[in-house]
Protein chains: 2
Amino acid sequence: MAVYTDISDEALECFLADYAIGPPLAFKGIAEGVENSNYFLATEHGRYILTIYERRVAETDLPFFLRLMDHLASKGFACPTPVHARDGAALRRLANKPAAIVTFVDGMSLTRPRPDQCHDLGRTLASLHDAGLDFPMKRKNALGPQAWSALWAGLRTKADTLSPGLANEIDAAINAVADWPKDLPTGVIHADLFPDNVFFLEGKVTACIDFYFACTDLLAYDIAVCLNAWCFETDGSYNLTKGQALIAGYNGVRPITPDERAALPLLARGAALRFFLTRLADWGPVAPGALVRPKDPMEYARKLAFHARSRGTADYGFAPTPANR
Amino acid sequence: MAVYTDISDEALECFLADYAIGPPLAFKGIAEGVENSNYFLATEHGRYILTIYERRVAETDLPFFLRLMDHLASKGFACPTPVHARDGAALRRLANKPAAIVTFVDGMSLTRPRPDQCHDLGRTLASLHDAGLDFPMKRKNALGPQAWSALWAGLRTKADTLSPGLANEIDAAINAVADWPKDLPTGVIHADLFPDNVFFLEGKVTACIDFYFACTDLLAYDIAVCLNAWCFETDGSYNLTKGQALIAGYNGVRPITPDERAALPLLARGAALRFFLTRLADWGPVAPGALVRPKDPMEYARKLAFHARSRGTADYGFAPTPANR
């Protein structure tokens, strides 16, 4: 949750004068998003989310994110749609920071996704990948495997303080992902499609939000991120039924290739490593005035331990094949 | 800003099943209120605020606050109206804590109120006092003058750490308010009608919110709270034009009695002391996971210094009378 920037009523009114959505009727900071400040905005034209991009988001990346939402929405993919100002720009400035308005989407994120909802999430993820295929912009994954060794370099002691012996396990994961696949299908991935970024109504996905980690990378890596985020129980165990459901949902829209399937255990280990490392970097005493509760890195250490032990794709919910039976 | 309690989608759906407003379409924690957790809630029936009452609010006081909002709304005073569940209760439980739903009111709070808006605030405050006259419930002001000495007892060192010599000034204020008026008109007061608790649209008040300090006390004390909260500039100076406007607005709806006017400098000093003391108590390093930025007690120390220096009611914007010319 986060609201890092105070916006005066006067500043908001000036800002909105450049749009064609009318003056503000209501404006409230909302406890959503960790990287940015988000506000609920109502005008006579409708409901919106106004986002102010704080320091953790590179301003040069913002056109990618906003045009991606425009692109996906134009393809019928359910996501917030950027509202363009009278000058045509979706990206503007407020309080001397980059800012944008997107449409408000109904729905609520799930606390404990059920298998049928994991199935729907799989379908949604594949639809996102399909809709992104002809998106012309590219963005490198700044938190991809090439970044992990450097991220890890300064964190070894912190890891062992958190849990003695953990550093050796992370070393093993770092070594394992050195053999990262290179020839799998690539495209736009969300890269952060956790349950809090997917809204549901009556059990069905209504929208995906928060495209601020989206990038051009292996499509199957996005599946790996989702298997980690959606298919583990709070006790650290992998729920095979949910894994099967997510994979089946995805396969029904965009079939997972044999190479992707074979790579998924390693991709899942890498995806767990990525979230472990960034959570570990953010972990620690909270500074005065901090508004974000850091997320527990140990949740991802437990997922890494599962991946280190796994014997093949069947452990994730793939149907056995002669190769991994 | 504050959201202290995580509400699962399942818990929310169960909770709302006891109301006649339909299932949730959207639900977001909002950065509003310091004492409680507040959520924006949308259903097919409309927009609402769901509040979960956290530990700082006494559960036994909640019926007073909710019935007061019902009472004021029934009198045409613009404030959120409690939504009653099918069993007729406005106060229910969610996540094992007291919880209530009120209607969402449009409008935005002002960052820098203008004199005409201070005038409108004065009118609104007097309307609130009038509307509350026949409210049958009573609630003692838990943060009234009888509480200040005890509050101050443990804070002397902290005050001098904040600003050397400050403790002596507070002692002087504590001594001054020993002569607190007793025979002024009493009734329901808001007791916390700061600019962030008053919504405006197109320059006019649309609603007052956050009645969780409301109590039965001297009506003029509420004026004193507002003079402190609305009529000082950020540089610590009192804006006489705003003070005159607020007083004139109030007087136009409910005339301030001569005794009230005579008492106002002391009431304003006491009101500044009350907010200084509670801010000082809350001031300090923020605990890990804290979601509220403490408010600066020094803002109120500066207001106390103004009151200590003031020579009479004319300093606050009252028209000179023979007695205080």
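Residues numbered from 1 in each chain as written. Chains lettered and ligands numbered in written order. Predicted model: local features only at pLDDT ≥ 70, side-chain atom pairs only at ≥ 80, totals over all residues. Heavy atoms only, no water.

### Thoughts on the overall build of chain A
Looking only at helices and strands, one finds 10 helices and 10 strands in chain A. Expected size for 325 residues packed as a compact globule is a radius of gyration near 20 Å; at 20 Å, chain A falls within 12% of this value. For chain A, the spread of C-alpha atoms along the three principal axes comes to 60 × 45 × 35 Å. Looking at chain A as a whole, 55% of its 325 residues are labelled buried. Sequence-distant contacts, at least 24 apart, represent 71% of the contacts inside chain A between residues at least 6 apart. If you sum the accessible surface of chain A, you get close to 13,400 Å²; carbon and sulfur atoms cover 52% of it. Across chain A, the centroid of the 33 positively charged side chains sits 4 Å from that of the 37 negatively charged ones. (Helix = DSSP H or I, 4+ residues; strand = E, 2+ residues; numbered from the N terminus. Rg over C-alpha atoms; globule rule 2.2 N^0.38 Å. Buried < 20%, exposed > 50% of the residue type's maximum accessible area, 1.4 Å probe, protein only. Contact = heavy atoms within 4.5 Å. Areas by Shrake-Rupley, 256 points an atom, 1.4 Å probe, with all protein chains shown as cover. Lys, Arg positive; Asp, Glu negative; His and termini not counted. Charge placed at Lys NZ, Arg CZ, Asp CG, Glu CD.)

### Looking at the interface of chain A and chain B
Taken together, the contact pairs 37 residues of chain A with 37 residues of chain B. In total, chain A and chain B occlude about 3,200 Å² of area from one another, counting both sides; carbon and sulfur atoms represent 59% of this. Three residues stand out in chain A for area buried against chain B, namely A:Lys28, A:Met108 and A:Arg293, and they jointly supply 20% of the buried area on that side. At the surface where chain A touches chain B, the tally comes to two salt bridges. (Buried area = accessible area lost by both parts, 1.4 Å probe. Salt bridge = Lys/Arg side-chain N within 4 Å of Asp/Glu carboxyl O.)

### Comments concerning the pattern of salt bridges
Residue and element names in this part refer to chain A. All chains considered together, the criterion is met by 30 salt bridges over all chains. Between Glu-54 and Lys-97 there is a salt bridge whose closest N-O contact spans 2.8 Å. Taken together, the positions of Glu-54 in the loop between strand 3 (46-53) and helix 2 (62-74) and Lys-97 in strand 6 (residues 97-103) put the pair 43 residues apart, joining distant regions of the chain. On the accessibility criterion, Glu-54 (10% relative accessible area) is buried. Look at the salt bridges and you will find they share partners, linking Asp-18, Asp-87 and Arg-92 into a network.

### Quick look at the packing of aromatic side chains
Under the counting rule described, the total for this entry stands at 41 aromatic pairs over all chains. Centre to centre, the rings of A:Phe64 and A:Phe65 are 5.9 Å apart; their planes meet at 85°, and the pair counts as edge-to-face. Residue A:Phe65 is classed as buried on the basis of its relative accessible area of 1%. With 5.3 Å between their ring centres and 85° between their planes, B:Trp148 and B:Trp180 make a pair best called edge-to-face. Pair noted here: B:Trp148 is in helix 4 (residues 145-153) and B:Trp180 is in the loop between helix 6 (166-176) and strand 7 (186-189), with a separation of 32 residues, a long-range link. Both residues of the pair, B:Trp148 and B:Trp180, count as buried. Here the aromatic cluster, defined as three or more aromatic residues joined through ring pairs, consists of A:Tyr53, A:Phe64, A:Phe65, A:Phe135 and A:Tyr212. One cation-aromatic arrangement involves A:Arg274 over A:Phe213; the distance from NZ or CZ to the ring centre is 5.3 Å. Sitting above the plane of the B:Phe275 ring, B:Arg274 keeps its charged end 3.8 Å from the centroid. (Phe/Tyr/Trp six-rings, centres within 6.5 Å; stacked < 30°, edge-to-face > 60°. Lys NZ or Arg CZ within 6 Å of the ring centre and 35° of its normal.)

### Focus on the relation of the copies chain A and chain B
Note on the identical chains: chain A maps onto chain B by a rotation of 180° and an axial translation of 0.0 Å, with an RMSD of 0.0 Å. Put plainly, the chains are arranged around a two-fold axis. Using C-alpha coordinates, one finds that chain A approaches the rotation axis most closely at A:Ile30, a distance of 2.1 Å. The residues that chain A uses at the interface reappear at the interface of chain B in 100% of cases, marking a shared surface. (Least-squares fit on C-alpha atoms with pLDDT ≥ 70 in both.)

### Quick word on the packing of helix 4 of chain B against helix 6 of chain B
Residues and elements named next belong to chain B. Running from amino to carboxyl end, helix 4 crosses helix 6 at an angle of 160°, the nearest separation of the two axes being 11 Å. The angle between helix 4 and helix 6 places the two elements in the roughly antiparallel class. Considering the relative orientation of helix 4 and helix 6, their crossing is left-handed. Where helix 4 abuts helix 6, its residues Trp-148, Ser-149 and Trp-152 lie against Ala-167, Ile-170, Asp-171 and Ile-174. A class-by-class count of the residues in the contact of helix 4 with helix 6 yields five nonpolar, one polar and one charged. (Axes fitted to C-alpha atoms, helices over the stretch in contact; angles between N-to-C directions. Parallel < 35°, antiparallel > 145°, perpendicular 65-115°, else oblique. Left-handed = near helix turned anticlockwise from the far one by under 90°. Nonpolar A, V, L, I, M, F, W, Y, C, P; charged D, E, K, R; others polar.)

### Considerations on the nonpolar core
A:Trp230 and B:Trp230 are the most contacted members of the largest nonpolar core, which totals 179 residues. If we ignore the near neighbours within four places in the chain, the residues touching B:Trp230 are B:Leu110, B:Pro113, B:Cys118, B:Leu121, B:Leu193, B:Phe194, B:Pro195, B:Val198, B:Phe200, B:Lys242 and B:Leu246. (Core = buried A, V, L, I, M, F, W, Y, C linked by side-chain atoms within 4.5 Å.)

### Focus on the pairing of strand 1 (residues 24-30) of chain A
Residue and element names in this part refer to chain A. The element strand 1 is extensively covered by neighbouring structure, given that seven of its seven residues are classed as buried. In this structure, strand 1 lies alongside strand 2 (residues 36-43), joined through six bridges in antiparallel fashion. By the bridge assignment for strand 2, Ala-26 is matched with Ala-42. (Pairing = 2+ DSSP bridges.)

### A look at helix 7 (residues 219-230) of chain A
Residue and element names in this part refer to chain A. For helix 7, which comprises 12 residues, the first-to-last C-alpha distance of 17 Å matches the rise-based estimate of 16 Å (1.5 Å per residue) to within 8%. For helix 7, the tally of buried residues reaches 12 of 12 residues, placing the bulk of the element in the interior. Those residues of helix 7 that sit buried are Leu-219, Ala-220, Tyr-221, Asp-222, Ile-223, Ala-224, Val-225, Cys-226, Leu-227, Asn-228, Ala-229 and Trp-230. (Expected span 1.5 Å × (residues − 1).)

### Observations regarding helix 2 (residues 62-74) of chain B
Residue and element names in this part refer to chain B. The end-to-end C-alpha distance of helix 2, which contains 13 residues, comes to 18 Å, matching closely the 18 Å that a straight helix rising 1.5 Å per residue would cover. Turning to helix 2, its buried residues are Leu-62, Phe-64, Phe-65, Leu-66, Leu-68, Met-69, His-71 and Leu-72. Contacts made by the buried residues of helix 2 are with strand 3 (46-53), strand 4 (82-83), strand 6 (97-103), helix 3 (115-132), strand 7 and strand 10 (215-218). Immediately beyond the C-terminal end of helix 2, within one or two residues, lies Gly-76, with a positive phi of roughly 90°.

### Overview of the environment of B:Tyr48
All names here are of chain B. You can see Tyr-48 is positioned in strand 3. Looking at Tyr-48, the relative accessible area reads 8%, which means it is buried. Sequence separation of Tyr-48 and Lys-75 is 27 residues, and the distance between their C-alpha atoms is 20 Å. Non-local contacts of Tyr-48, meaning those with residues more than four positions away in its chain, are made with Ile-21, Tyr-39, Phe-40, Leu-41, Thr-43, Val-83, Ile-101, Val-102, Thr-103 and Phe-104.

### Side note on the side chain of A:Glu260
All names here are of chain A. By secondary structure assignment, the location of Glu-260 is in helix 9 (residues 258-282). For Glu-260, a relative accessible area of 0% puts it in the buried group. Of note is the side chain of Glu-260, whose polar atom sits 3.0 Å from the side chain of Arg-254. Look past the residues within four positions of Glu-260 in its chain and what remains in contact with it is Leu-184, Pro-185, Leu-219, Ala-220, Arg-254 and Pro-255. (Polar contact = N/O pair within 3.5 Å; in protein donor to acceptor, adjacent residues only side chain to side chain.)

### Some points on the confidence of the model for chain A
Mean pLDDT over chain A works out to 93, with 95% of the residues at or above the 70 mark. Two numbers describe this predicted complex: its pTM, 0.88, and its ipTM, 0.85. (pLDDT = per-residue confidence, 0-100.)

### Quick look at unusual backbone geometry
Backbone geometry places A:Asp210, a non-glycine residue, at a positive phi of 60°. Relative to the elements of secondary structure, A:Asp210 occurs in the loop between strand 9 (204-208) and strand 10 (215-218). Judged by relative accessible area, which is 22%, A:Asp210 ranks as partly exposed. Positive phi, close to 55°, is recorded for B:Ala95, a residue that is not glycine. Inspection of the secondary structure puts B:Ala95 in the loop between strand 5 (92-94) and strand 6.

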